[in-house]
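# Survey of secondary and tertiary structure
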Amino acid sequence: MPISGKLDSRRAVVRRGLMVGISTVLVAAGGVALAEVVSPHPVTSPSFNGPIYAVAYRGGAVYVGGNFTSANDGGKNVARSRLAAFDAKTGALLPWAPNADANVRALAVDGGTVYAAGDFKTINGDTRDALAGIDATSGQATPMRHTVLGQPDAIVTGAGRLYLAGRITSVDGTPRSNLAAFSLATGALDTAWAPTADDTVNALAFSGDRVYVGGRFHKINGVSSTLRLSAVDPASGVPDKGFLPKPVSQVFALAADDSGVYAALGGLGGRAVAYTKAGATRWTRVFDGDAQAIAELDGTTYVGGHFDKACTTSNNGIKGVCTDGSVPRGKLAAVDNQGNLLDWSPQANGVAGTRALAVSPALDAVSAVGDFTVVGGLSRKRYAQFDGPSTLPEKDTVAGDYVASYNFDTTIADGTFDDGSGHGHLLRAVMRNGGKITLTPHATGQALTFPPKCTGAGCARLVLQAADTPDLNPGTKPLRYGANVLLAAAETSSGENVLQKGYSTKGGQYKLQVDGVSGKPSCGMSGANEKGLHLARSRQSIADGSWHSVECRRTGPTLAILVDGQVQANVAVPADLAVSSSLPFSVGGKGVGADNDQFHGSVDDIWIHIG
């Protein structure tokens, strides 16, 4: 729709809003101004304590769904159970607070109703199996009620229907093959719309006379030309046999307009591809990781994923590595309508990165959600919004705060865990003798469990290490570090390291360990030229099979240990004690040798704060 005051006389154009807004002019390779895009600087917004999988706009409000249990609004934590809403302009949390008992994976808005799909069984305690309509103002569930067998992954509205996709085998006992539709007027299952997909459908997009479906399927309705991406009739579900895109890998996300469809692909690396309505490729951009989200507005396509770089050509090699050169694009990128990569690069962190994008043309705003915690050097936990041209840059809230943090909720196959502080100190697993990474549920995420207790040189070993960098060395500055720890009495030994940086003979050290069979934790520090270790040992054991928070705190001449927020002990340390070690930061042991002081319990939420 036209936006008053935003377009000059040369651009009397009707905006086509799929998922993004506008603001500054960017330049592609060659120096030609190609498109207007939103500012790369995120505005002030709430943060969340768990992943966000879905986002949608309704007027001036933003709705999000995921696996979080609280939102932080202006420094105050407010309970929100997997669903929340806030003002798009101010970032203020709205009172809308329905309660979902499990993951919300997809959202769509129609009129006064927010539709949600996911793993939940109840909304506000009322049975709503995997699919629900929720009043956009009150947060109360609408009468719409179904039993969905399987896992929904995507929903979209159009042509008077709510379309549903995922890994689905039936609705209310009626067979469905990964696709279904419901009447927006009555909420009833549409018995006439029943296309079949032979594997998972990850994504949906609606455009006038078509519903686009994307995923890892091979056929829709048994038609061989419908591999991974197809267009079906909104009323009958019959595939359009003239649409023949044949993407090279799994489709994770879609956006559509009158000219065709935009697809985010996985595979070796990732791709963003624009197709015509006949399925011909208009352009392709390649990244070094999966593209998981895609959005388009007025000629600019936005892409999100877990990539770190955009390839300068369409060529990539093993593990997605760009073979002909690349440019940094941390989890977010923008492309013009000719397929030229734009300079827009907010640089988000994380491993999973950006999971979904949404746009408000009326607000000139685009939202990104996922697992990131930092965008453009600013703390933006799982949600970021980009508006028109920025004026004054926001103060960096990351520097001088947490220099490393790990919640073990984002990982990749090779055993690398993301640093939630935004400083990029990835933890990489080192394993010996059959040691392996084991992730176990904890709170709303997951914890890391180490190998069981064992004696002898052949015991399994697992240690995680972050490469040495200067900002992990506190010198003489105030230092705090800690972790959540789970340890049973049977898992104690003569000594187990939870975390450690350095050795007393090599630049000094700081560490958190559990001493002896009593299971009492202790904090240790030593300076560069000290032979002994200053130890603050807790009076309380933590080896009781329950989770405990343990914190070590060095301030000037004092080192203290806290268990569950209570000071257990403190010792004097030299005021000039300095730690500056070139050794890596380690979790779970000081190495993988026979005497590595292997930890045998579980850990979560490890952090280091300097200054």
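Residues numbered from 1 in each chain as written. Predicted model: local features only at pLDDT ≥ 70, side-chain atom pairs only at ≥ 80, totals over all residues. Heavy atoms only, no water.

The subject of this paragraph is unusual backbone geometry. Backbone geometry follows two general trends: most residues other than glycine have a negative phi, and most peptide bonds adopt the trans configuration. The backbone of D364 sits at a positive phi, close to 50 degrees, despite the residue not being glycine. Unusually for a residue other than glycine, N433 sits at a positive phi of about 55 degrees. Take N433: it is sitting in the loop between β38 (427-432) and β39 (438-442). The exposure class assigned to N433 is partly exposed, which follows from its relative accessible area of 44%. (Helix = DSSP H or I, 4+ residues; strand = E, 2+ residues; numbered from the N terminus. Buried < 20%, exposed > 50% of the residue type's maximum accessible area, 1.4 Å probe, protein only.)

Attention now goes to the sheet that holds strand β25 (residues 291-297). In spatial order, the strands read β25-β26-β29; together these 3 strands make up an open sheet with antiparallel pairing. Each edge of the open sheet carries a strand with a single partner, namely β25 and β29 (332-335). Put simply, the sheet's adjacent strands are angled 20 degrees from each other on average, direction ignored. Pairing between β25 and strand β26 (residues 300-305): 6 bridges, direction antiparallel. Considered in β26, the bridge of E296 is made with T301. (Pairing = 2+ DSSP bridges. Axes fitted to C-alpha atoms, helices over the stretch in contact; angles between N-to-C directions.)

Spatially, 3 strands are ordered β18-β19-β20 in an open sheet, and the strand pairing comes out antiparallel. The open sheet has two free edges, formed respectively by β18 (201-207) and β20 (229-232), since each of these has just one partner strand. Recorded for the sheet is a direction-independent mean angle of 20 degrees between the axes of neighbouring strands.

Attention now moves to the pattern of salt bridges. Tallying each qualifying case throughout the model produces 13 salt bridges. Between K501 and D468 there is a salt bridge, with its nearest N and O atoms 2.9 Å apart. Residue K501 is found in strand β43 (residues 495-503), and its partner D468 is found in the loop between β41 (461-466) and β42 (479-486); the two are separated by 33 residues along the sequence. In this structure, K590 and D597 form a salt bridge, with 3.5 Å as the shortest nitrogen-oxygen distance. A network of salt bridges, in which partner residues are shared, links R480, E551 and R553. (Salt bridge = Lys/Arg side-chain N within 4 Å of Asp/Glu carboxyl O.)

By the element assignment, A88 lies in the loop between β8 (83-87) and β9 (104-110). Look at A88 and you get buried, because its relative accessible area is 5%. Considered as a pair, A88 and A61 are 27 residues apart in the sequence and their alpha carbons are 5.2 Å apart.

Turning our attention to the side chain of S70. Position of S70 among the secondary structure elements: in strand β6 (residues 70-73). Those residues in contact with S70 that lie beyond four places of it in its chain are S47, F48, N49, V78, A79 and R80. (Contact = heavy atoms within 4.5 Å.)

Let's shift gears to the state of the cysteines. The full count for this structure, using the stated rule, is 3 disulfides. Here C311 is linked by a disulfide to C322, with a sulfur-sulfur distance of 2.0 Å. Because the torsion about its S-S bond is -75 degrees, the bridge between C311 and C322 counts as left-handed. In this pair, C311 sits in strand β27 (residues 309-311) while C322 sits in the loop between β27 and β28 (326-328), placing the two residues 11 residues apart along the sequence. C322 carries the same exposure label as C311, and that label is buried. At a sulfur-sulfur separation of 2.0 Å, the disulfide partner of C454 is C459. Looking down the S-S bond of the C454 and C459 bridge, the torsion is -80 degrees, so its handedness is left-handed. C459 gets classed as buried once you look at its relative accessible area, which sits at 3%. When the cysteines engaged in disulfides are numbered in sequence order, the protein pairs them as 1-2, 3-4, 5-6. (Disulfide = S-S within 2.5 Å.)

Interpretation in functional terms is not warranted from these geometric data alone.
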